[in-house]
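# Chain and residue survey
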Amino acid sequence: MAGGDRRILAVPLGSLEQHGPHLPLDTDTRIANALAVGLAAARPEVVVAPALAYGASGEHAGFPGTLSLGTAALGAVLVELVRSADAFAAVVLVNGHGGNAEAIRSASAVLRAEGRTMVPWSPSIPGGDAHAGRSETSLLLAIDAAAVRGDRAEPGERAPLGRIIGQLRAGGVAAVSTNGVLGDPTGASAGEGAVLLDGL
C-alpha cells in the first residue's frame, strides 16, 4: 500500500450466462456492478473497478450464450487481481453469481496466507428464487428496465433449491429446467427491485 492510502477497491464479479428467455446474459454482472456503485455512494473511501464479467458458469453449459472461465481459472485470476491492487488498503469482491463461490473460497485462502486483505461479499435475498426468477427480474427492472424482455418472461422449475440441488450438481440447470429459469419471474416489478437493491 503506497503512501498510507486507505481507499478500498470494490470489484464487481459477475458471469456471462443464460438467464432464461427474458433477461440478458450479463444479469449477474449488472447486479454486482449496481451493488458496488451503491457501496461507493455510501462509503466515500470505496472506489469501483470495472467489472470482471466472466465467471464460473459450468452449470449453465448447454444454453446458448453462456461463456465460462471455470473455477480454477477464475480462482487464479482473482488471486492475481488482488495481488496487483497494492495501491488499496483492501479489496472487496462484490459477487453476483453463486457459481463463483468455490473460486472465491480458494482465492481467499491463498490471499489470506499472503497477508492480503480481501473481503468477499456475496449478497443474497432471503426467500428469493434461485435463478432468473422474480428476484433477479425485479432487480434488473430497477437497474435497467430496457434490458428485460417482459413479454418473454415465463416460469421455470419452481421446486425449492434444496430439493433439486443434487440434480443441479450432477447435470446442471438443463437437467431441471428446459428454459433455464429456476423460479417464476412473472409479477416482477421495478418497485420491488428497488426495494431489494436498497436492502442488499
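Residues numbered from 1 in each chain as written. Predicted model: local features only at pLDDT ≥ 70, side-chain atom pairs only at ≥ 80, totals over all residues. Heavy atoms only, no water.

## A short note on the pattern of salt bridges
Stated formally: In the sections that follow, a salt bridge refers to a side-chain nitrogen of Lys or Arg positioned within 4 Å of a carboxyl oxygen of Asp or Glu. Only DSSP runs of H or I covering at least 4 residues are called helices, and only runs of E covering at least 2 are called strands; the numbering of each starts at the N terminus.
In this structure the tally under the stated criterion is 10 salt bridges. In this structure, Arg 134 engages Glu 192 in a salt bridge whose closest nitrogen and oxygen atoms are separated by 2.8 Å. In this pair, Arg 134 sits in helix α4 (residues 134-144) while Glu 192 sits in helix α6 (residues 190-199), placing the two residues 58 residues apart along the sequence. Between Arg 158 and Asp 184 there is a salt bridge, and its shortest N-O distance comes to 3.5 Å.

## A word on the side chain of His 22
Heads up, the rule is: What makes two residues a contact is simply this: any of their non-hydrogen atoms within 4.5 Å.
Mapped onto the fold, His 22 is located in the loop between β1 (8-13) and α1 (27-42). Residues in contact with His 22, not counting those within four places in the same chain, are Ala 132, Thr 137, Ala 147, Val 148, Arg 149, Arg 152, Ala 153, Val 181 and Pro 185.

## Thoughts on the sheet that holds strand β3 (residues 90-95)
Within a sheet, adjacent strands bond to each other through the backbone by hydrogen bonds, running parallel or antiparallel. To keep it simple, the criterion reads: When DSSP finds two or more bridges between a pair of strands, those strands are recorded as paired. All axes are obtained by fitting lines to C-alpha atoms, using only the stretch in contact for helices, and the reported angles, taken between N-to-C directions, cover 0 to 180 degrees.
Spatially, the 4 strands line up as an open sheet ordered β2-β1-β3-β4, and their pairing is parallel. Among the strands making up the open sheet, the edge pair consists of β2 (46-48) and β4 (118-121). Averaged over all neighbouring strand pairs, the angle between strand axes comes to 25°, with direction disregarded. Note that β1 and β3 share 6 bridges and pair parallel. Residue Leu 13 lies in a different strand from β3, and its bridge partner there is Asn 95. Across the sheet, helix α2 (residues 71-83) lies against β1, β3 and β4, angled at about 160° from β1, the strand it touches most.

## Some words on the pairing of β3
In plain terms, the rule: Only protein chains enter the accessibility calculation, which uses a 1.4 Å probe; a residue is then buried when its area is under 20% of its type maximum, exposed when over 50%, and partly exposed in between. A clockwise course of the path from the first strand over the helix to the second, judged with the strands pointing away from the viewer, identifies a crossover as right-handed.
For β3, the tally of buried residues reaches 6 of 6 residues, placing the bulk of the element in the interior. Burial along β3 is two-sided: Ala 90, Val 92 and Val 94 and Val 91, Leu 93 and Asn 95, pointing in opposite directions, are all buried. With helix α3 (residues 101-113) bridging β3 and its parallel neighbour β4, the resulting β-α-β unit is right-handed.

Function cannot be inferred from these measures alone, as they are strictly geometric.
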